[in-house]
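# Chains, contacts and geometry: an overview
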Amino acid sequence: MEKLLDKFLRYVSVETTSDENSDSQPSTAKQLNLLRMLRDELQNIGIQAEMDEYGYVMATIPSNVDREIPAIGFIAHVDTSPDASGANIKPQIIENYDGGDIVLNQEKNIVLRVSEFPEMVQYKGQTMITTDGTTLLGADDKAGVAEIMYAAQYMMEHPDYKHGEIKIGFTPDEEIGRGVVKFDVKKFGAKYAYTMDGGEIGELEYENFNAAAAEVHIQGRNIHPGYAKGKMLNASMLAAEYAMLLPPDETPENTEGRQGFYHLTGIQGTVESSTLSYIIRDHDRIRFEDRKRMIDSCAEVMNELYGEDVVTAEVKDQYYNMRQEVEPHFFIVEKAMKAMEMANIKPKVQPIRGGTDGANLSFMGLPCPNIFAGGHNFHSKFEYIPLESMMKATEVILNIITLFQSDTISTCI
């Protein structure tokens, strides 16, 4: 476990926050620092690896068996979410966790409380890695990166471990929905792949939200407040009114499972003009289309009240539910389930309340379910991950490879 922990700590020490307001690829140059590091590490252990002009790292471990086996890929993203700081991360390592609250930052009274995150107790006795309460941790998805790198190292150190051709991919900008926009699936060369980008141990996902983003712009009319009666249109007030037109119980904090939502991610405004930013999510494609129409319908209602073109809405699709692309190859999900059972893990097959690179890759011709990386509370200062979950994720990777090579041989690390 020390080797895996060392990799993870080195990777989270590199700041890789992506930026949705950037037009470059990748969106931030600092992501390239980790991507170059990974390319070099792969090359140093004897694996053919390269990084292209867009920052994608692709690597190949050749087959060491003399029969035809489909090339299998494992993919993780290096960027961290802009939702919380990813700079100057100071992980805390709690060995033999006692099952109670964890003080992240005594000075600022930031505590990871079991009463708020009751799932913590299942990791009693394990090694917990947390933040110091001021940044995110970066387990999303540097845990997945470390797990793939450790599995690759294991294969290179154990030439007697039999496997087909293995493809490794590391991507930037997943957190802002642009992770594989320029990813060359043909060049990558895998027949099937798995993203190591899920949450707690056992998670296995092959369906995700359909996703769109919406920008609602409100053009007001600013008049001196002393003379404003009957003349002023306060864009900030109208923004609040628009927000109230959407169903109040269909927000992230009020939904679960396959329930979709409208999520107001930001609002900027003055009397003269305001902008509301939304993300729209639903697993069902028909309901998804209805939600997008609701954004436009609310704009039409506002315009009927306050004048033509006071409110304009722009909706852009981001990704779609990969279920329709994965189900025709369902055996790859079944292999992942069996790989978990071989590692004494009970698979938790569930829809992703979010998205992964695998969603877009599946529509690009590379069926790509998502497997747990082991972390909790992603995108926040309360993020944590048990080291033992990371070890199990690595074991699952190796078990999947073994199952493609032979359905009867088990893998032990």
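The present account deals with the structure reproduced in this document. As the structure is a computational prediction, the values presented were derived from the model and not from experiment. (Residues numbered from 1 in each chain as written. Predicted model: local features only at pLDDT ≥ 70, side-chain atom pairs only at ≥ 80, totals over all residues. Heavy atoms only, no water.)

### Observations concerning the overall build of the protein chain
Tallying secondary structure elements over the protein chain gives 10 helices and 17 strands in all. In terms of its C-alpha atoms, the protein chain occupies a principal-axis envelope of roughly 85 × 50 × 35 Å. Here the protein chain holds 413 residues, and 53% of them are scored as buried. By sequence separation, contacts in the protein chain at least 24 residues apart represent 79% of the contacts at least 6 residues apart. Counting every atom, the protein chain has about 18300 Å² of accessible surface; 48% of that belongs to carbon and sulfur. Computing the positive centroid from 38 side-chain charges and the negative centroid from 64, the protein chain places the two 1 Å apart. (Helix = DSSP H or I, 4+ residues; strand = E, 2+ residues; numbered from the N terminus. Buried < 20%, exposed > 50% of the residue type's maximum accessible area, 1.4 Å probe, protein only. Contact = heavy atoms within 4.5 Å. Areas by Shrake-Rupley, 256 points an atom, 1.4 Å probe, with all protein chains shown as cover. Lys, Arg positive; Asp, Glu negative; His and termini not counted. Charge placed at Lys NZ, Arg CZ, Asp CG, Glu CD.)

### What to know about the pattern of salt bridges
Scanning the model with the defined rule gives 21 salt bridges in all. Across the salt bridge formed by K187 and E50, the nearest N and O atoms sit 2.7 Å from each other. On the criterion of sequence distance, the pair formed by K187 in helix α4 (residues 185-188) and E50 in strand β1 (residues 48-51) is long-range, its members being 137 residues apart. K187 gets classed as partly exposed once you look at its relative accessible area, which sits at 42%. Given the relative accessible area of 38%, E50 is considered partly exposed. (Salt bridge = Lys/Arg side-chain N within 4 Å of Asp/Glu carboxyl O.)

### What to know about the nonpolar core
Judged by nonpolar contacts, the single largest core of 86 residues is most densely connected at F8, L42, F74, F170 and I371. Beyond its immediate sequence surroundings of up to four residues, F170 is in contact with L35, L38, L42, G55, Y56, V57, A76, V78, V145, I148 and M149. Counting residues in hydrophobic clusters, the runner-up holds 21 residues, among them A214, V216, L238 and A239. (Core = buried A, V, L, I, M, F, W, Y, C linked by side-chain atoms within 4.5 Å.)

### A short note on the packing of helix α8 (residues 331-342) against helix α10 (residues 387-405)
Contact pair α8 / α10: the axes reach a minimum separation of 8 Å and the direction vectors enclose 125°. Relative to α10, α8 is oriented oblique. For the element pair α8 and α10, the recorded crossing hand is right-handed. When α8 is examined against α10, the residues F331, I332, K335, A336, K338, A339, M340 and M342 are found in contact with a partner set consisting of E395, V396, N399, I400, L403 and F404. The residue inventory of the contact of α8 with α10, partitioned by class, reads 10 nonpolar, one polar and three charged. (Axes fitted to C-alpha atoms, helices over the stretch in contact; angles between N-to-C directions. Parallel < 35°, antiparallel > 145°, perpendicular 65-115°, else oblique. Left-handed = near helix turned anticlockwise from the far one by under 90°. Nonpolar A, V, L, I, M, F, W, Y, C, P; charged D, E, K, R; others polar.)

### Quick word on α10
Look at α10: 28 Å from first C-alpha to last across 19 residues, which is about the 27 Å you get at 1.5 Å a residue. Among the 19 residues of α10, 17 are classified as buried, and the element is accordingly described as predominantly covered. (Expected span 1.5 Å × (residues − 1).)

### A closer look at unusual backbone geometry
A cis geometry characterises the amide bond from Q25 onward to P26, with omega recorded as -5°. Along the chain, P26 turns up in the loop between α1 (2-12) and α2 (31-44). Residue D140 is joined to D141 through a cis peptide bond whose omega torsion reads 10°. Non-glycine residue N96 carries a positive phi angle of around 50°. Examined against the element boundaries, N96 turns out to sit in the loop between β4 (92-94) and β5 (102-105). A relative accessible area of 57% places N96 in the exposed class. Of note, the phi angle at D309 is positive, near 65°, even though the residue is not glycine.

### As for the packing of α1 against helix α3 (residues 139-157)
A pair of packed helices is characterised by two quantities: the angle between their axes and the separation of those axes. Direction vectors running N to C along α1 and α3 enclose 135°, while the axes themselves pass 9 Å from each other. The angle between α1 and α3 falls in the class oblique. For the pair α1 and α3, the sense of crossing is right-handed. On α3, the residues touching K3, L4, K7, F8, Y11 and V12 of α1 are A139, K142, A143, V145, A146, E147, M149, Y150, Q153 and E157.

### Notes on the pairing of β5
Here β5 runs beside strand β6 (residues 110-112); their pairing, made up of three bridges, is antiparallel. In the strand pairing of β6, I102 is matched with L112. The hairpin formed by β5 and β6 contains four residues between the paired strands, and N109 there has a positive phi angle of roughly 55°. (Pairing = 2+ DSSP bridges.)

### Side note on the side chain of K292
Take K292: it is sitting in helix α6 (residues 285-306). Residues in contact with K292, not counting those within four places in the same chain, are A212, I280, V315 and D317.

### A few points about a negative patch on the surface
Among the surface-exposed residues, D19, E20, D83 and E215 lie close enough to one another that they form a single negatively charged patch. Along the polypeptide, E20 turns up in the loop between α1 and α2. (Patch = residues over 30% accessible without salt bridge, like charges linked within 9 Å, V, L, I, M, F, W, Y side chains within 5 Å.)

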